[in-house]
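The primary structure of each chain is shown beneath.
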Amino acid sequence: MSTIALLPGDGIGAEILDGPVAYLRQLEREGLPVRVTGPFPYGTTGWLQTGTTLPAETVEACRDADVVLSGAVGSHPGVSSDECPNPEAALIALRHEFDLRISVRTVRVPGRPDVVIVRNIIGGAYGSPDQRVESDGVRPAEDRLVLDPAHVQEVFDIAVEHARAMPGRRTISVDKASVYATSRLWRRLSRSTSESSGVVFENVNVDRAAYELVKYDDLPAVIVTEGLFGDILSDVVCARAGSPALCGSATINPDRTFGSGITALFEPAHGSSPHRTGSRRSNPTGSWLALVDLLAWCPDLAALGLHRQVRQALDSVIETAPPTYDLASPGADTIDLDEFNERVLEALGTGCDRRPVAPTTNG
Ligand code: IPM
Ligand code: MN
């Protein structure tokens, strides 16, 4: 049995999960090994409801779950950033609490094969708060970058798995070895992993990588890189795909030990789009891609092959339906969030319960 805790979060975070959650609830009703819990308060809406962006109740729910399905964390209509200054800290705290130390992003690029970005999200530029010293405006601010070889190796091991699943395509390791010691470590492990795994990691400096990703038609199959470089380059790849909505994000603990709290968090990679909240126009592709990753991650669900069915249904809708507003040329026909979901659910052949995940709360 896989327990999935829902953390819709902020802005469009709740509505964007409606399709995947309708599907999961249907699986639950059919007696498949799925238990959906929540929604639990998180982010700016968590602050609105409870006074804190990561309430103890939510952390407890994560302890009782195997994975999280999340919408977005960020701004929410009606709440100023003075009132709730850093809702993203809730996501970072959750990553640290459950040691979700690697991020794997899948970008669906229209008309091209997927691009997978693998990066560390604990350590390096994403060090814990004790690696940082705030400035008072006079003393210098400090962010220490520390990368442990064993943790870098884990990132490469995950990248190798993805590269092997997409044979014949380019795999790049991105760093800034001319400047950073952490990058020189990264490059050393890139070389040794190339030798030991047989997967060729081509070493590319981060500035050059950004240029190539924008300039050249062909995109690499896998990009493995340090957390901050990957944060930036995954947005570049989304721009190439045409929309930030075309990326599913999995934040994983590679130990994959089930039974003692969440082992991974799945979410669309886009932000909370506060100004579009409630419009029900947003493109839910990233949520469906996150669901595909979730279904492939949980062993009892992976055994059922549901991830392949959902991905197929999603692809067929993207290929045959009019686009959502973010991908449409001016004046073209578009479909909204509900119609998109309806089509995916229909392609999956499920008579799902279409109740929204959570009513949208305005501050
Ligand atoms: C992302 C975001 C996060 C990150 C923030 C919200 C901490 O930008 O998921 O890409 O940098 O990892
Ligand atoms: Mn980002």
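This structure is a prediction, so every number in the text was calculated from the model and none was measured. (Residues numbered from 1 in each chain as written. Chains lettered and ligands numbered in written order. Predicted model: local features only at pLDDT ≥ 70, side-chain atom pairs only at ≥ 80, totals over all residues. Heavy atoms only, no water.)

**Re the pattern of salt bridges**
Which entries qualify depends on this criterion: Whenever a carboxyl oxygen of Asp or Glu lies within 4 Å of a side-chain nitrogen of Lys or Arg, that contact is scored as a salt bridge. A run of H or I in DSSP becomes a helix once it reaches four residues, and a run of E becomes a strand once it reaches two; helices and strands are each numbered from the N terminus.
All chains considered together, the criterion is met by 20 salt bridges. The closest approach of N and O atoms between Asp99 and Arg101, which form a salt bridge, is 2.8 Å. Two residues, Asp175 and Arg187, come together in a salt bridge whose shortest N-O distance is 2.9 Å. In this pair, Asp175 sits in strand S8 (residues 171-175) while Arg187 sits in helix H7 (residues 181-197), placing the two residues 12 residues apart along the sequence. What emerges from the salt-bridge pattern is a single network uniting Arg108, Asp114, Arg311, Asp315 and Glu319.

**Here we look at the environment of Phe340**
Under the convention used in this document: Think of it in three bands: with a 1.4 Å probe and only protein chains considered, a residue is buried below 20% of the maximum accessible area for its type, exposed above 50%, and partly exposed in between. Whether two residues are in contact is decided by their heavy atoms, any of which lying within 4.5 Å being enough.
For Phe340, the location among the structural elements is in helix H13 (residues 337-348). With a relative accessible area of 5%, Phe340 lands in the buried category. Note: C-alpha distance between Phe340 and Thr285 (55 residues apart in sequence) is 8.9 Å. Residues within four places of Phe340 in sequence aside, it is in contact with Asn283, Pro284, Thr285, Trp288, Leu314, Val317, Ile318, Thr324 and Ile335.

**Some details on the environment of Asp82**
Mapped onto the elements of the fold, Asp82 is located in the loop between strand S3 (67-72) and helix H5 (88-97). Residues Asp82 and Ser197, spaced 115 residues apart in sequence, show a C-alpha to C-alpha distance of 49 Å.

**Let's talk about H5**
Going by this rule: Working definition: the arc comes from the directions between the helix axis and the C-beta atoms, pointing outward to the latter.
Residues Ala90, Leu91, Leu94 and Arg95 constitute the buried set of H5. Buried residues of H5, seen end-on, are gathered within an arc of 140 degrees and therefore sit on one face of the element. As for H5, its buried residues are in contact with strand S1 (2-9), helix H3 (43-50), helix H4 (56-63), strand S5 (115-120), strand S11 (247-252) and strand S12 (264-268). At the C-terminal side of H5, Asp99 shows a positive phi close to 50 degrees.

**Structural notes on a nonpolar patch on the surface**
So the rule is basically this: Patches draw on residues past 30% relative accessible area with no salt bridge. Two like charges within 9 Å are joined, as are two nonpolar side chains (Val, Leu, Ile, Met, Phe, Trp, Tyr) within 5 Å. For the accessible areas, the method is Shrake-Rupley and the probe is 1.4 Å, while residue cover comes only from the protein chains on display.
Taken together, Leu145, Val179 and Tyr180 make up a surface patch of nonpolar side chains, about 260 Å² in accessible area. Mapped onto the elements of the fold, Val179 is located in the loop between S8 and H7.

**Remarks on the site of ligand 1**
Note the cut-off: One heavy atom within 4 Å of a molecule or strand is enough for the residue carrying it to be called near that molecule or strand. For this analysis, a polar contact is any N or O atom pair within 3.5 Å, provided that within protein one partner can donate a hydrogen and the other can accept it, and provided that sequence-adjacent residues contribute only side-chain to side-chain pairs. Note that Gly is not counted as nonpolar here; it falls among the polar residues with everything else outside the nonpolar set of Ala, Val, Leu, Ile, Met, Phe, Trp, Tyr, Cys and Pro and the charged set of Asp, Glu, Lys and Arg.
Close to ligand 1 lie Glu88, Ile92, Arg95, Arg105, Arg119, Tyr126 and Asp231. Asp231 places a polar side-chain atom, nitrogen or oxygen, 2.9 Å from an oxygen atom of ligand 1. Considered on its own, ligand 1 offers 320 Å² of accessible surface; in the complex 78% of this is hidden by protein. Top contributing element to the shell around ligand 1 by residue count: H5, with three residues. Of the residues that constitute the shell around ligand 1, the class distribution is two nonpolar, no polar and five charged.

**Here we look at the environment of Arg105**
Within the secondary structure, Arg105 sits in strand S4 (residues 102-107). A sequence separation of 41 residues divides Arg105 from Asp64, and the C-alpha atoms of the two residues are 25 Å apart. With residues up to four places along the chain from it excluded, the contact list for Arg105 reads Val115, Val116, Ile117, Arg119, Asp231, Ser234, Cys247, Gly248, Ser249 and Ala269. Within polar-contact distance, the side chain of Arg105 engages the side chain of Ser234 at 3.1 Å. At 3.0 Å, the side chain of Arg105 and the side chain of Ser249 are in polar contact.

**Brief notes about the sheet that holds strand S10 (residues 222-225)**
In plain terms, the rule: Here, strands pair whenever DSSP counts at least two bridges between them. Here the axes come from fitting lines to C-alpha atoms, over the contacting stretch only for helices, and the angles between their N-to-C directions go from 0 to 180 degrees.
Taken in spatial order, the 10 strands make up an open sheet running S2-S1-S3-S12-S11-S4-S5-S10-S8-S9, and their pairing is mixed. A strand with exactly one partner marks an edge of an open sheet, and here the two such strands are strand S2 (34-37) and strand S9 (202-205). Within this sheet the neighbouring strands show an average axis-to-axis angle of 20 degrees, counted without direction. Pairing geometry for S11 and S12, over five bridges, is antiparallel.

**Quick word on the packing of helix H8 (residues 206-215) against helix H9 (residues 227-241)**
Note the threshold: Oblique is the label for any angle not covered by the other classes, which are roughly parallel (under 35 degrees), roughly antiparallel (over 145) and roughly perpendicular (65 to 115).
Viewed as axis vectors pointing N to C, H8 and H9 meet at an angle of 10 degrees, and their least axial separation amounts to 9 Å. In terms of their interaxial angle, H8 and H9 are classed as roughly parallel. Between H8 and H9, the residues in contact are Val206, Ala209, Ala210, Leu213 and Val214 and Phe229, Leu233, Val236, Val237 and Arg240, respectively. Tallied by class, the residues present in the contact of H8 with H9 amount to nine nonpolar, no polar and one charged.

**A look at the domain arrangement of the protein chain**
Filter applied, for reference: Domain segmentation is taken from an automatic or database assignment of domains. Here's the idea: put two parts together, see how much 1.4 Å probe accessible area each one loses, and the total over both is what we call buried area.
The domains assigned to the protein chain are domain 1 (1-110 + 243-363) and domain 2 (138-241). Centre-to-centre, using C-alpha coordinates, domain 1 lies 26 Å away from domain 2. Each partner contributes to the interface: domain 1 provides 16 residues, whereas domain 2 provides 12 residues. The junction of domain 1 with domain 2 conceals about 970 Å² of combined surface from both sides, 71% of it contributed by carbon and sulfur atoms. Viewed at the interface, domain 2 and domain 1 are joined by one salt bridge. Elements with a contribution of two residues or more to the side of domain 1 that touches domain 2: S4 and S11. A per-element tally of the side of domain 1 that touches domain 2 places S4 first, with four residues. Classifying every residue of the side of domain 1 that touches domain 2 by side-chain character gives 11 nonpolar, one polar and four charged.

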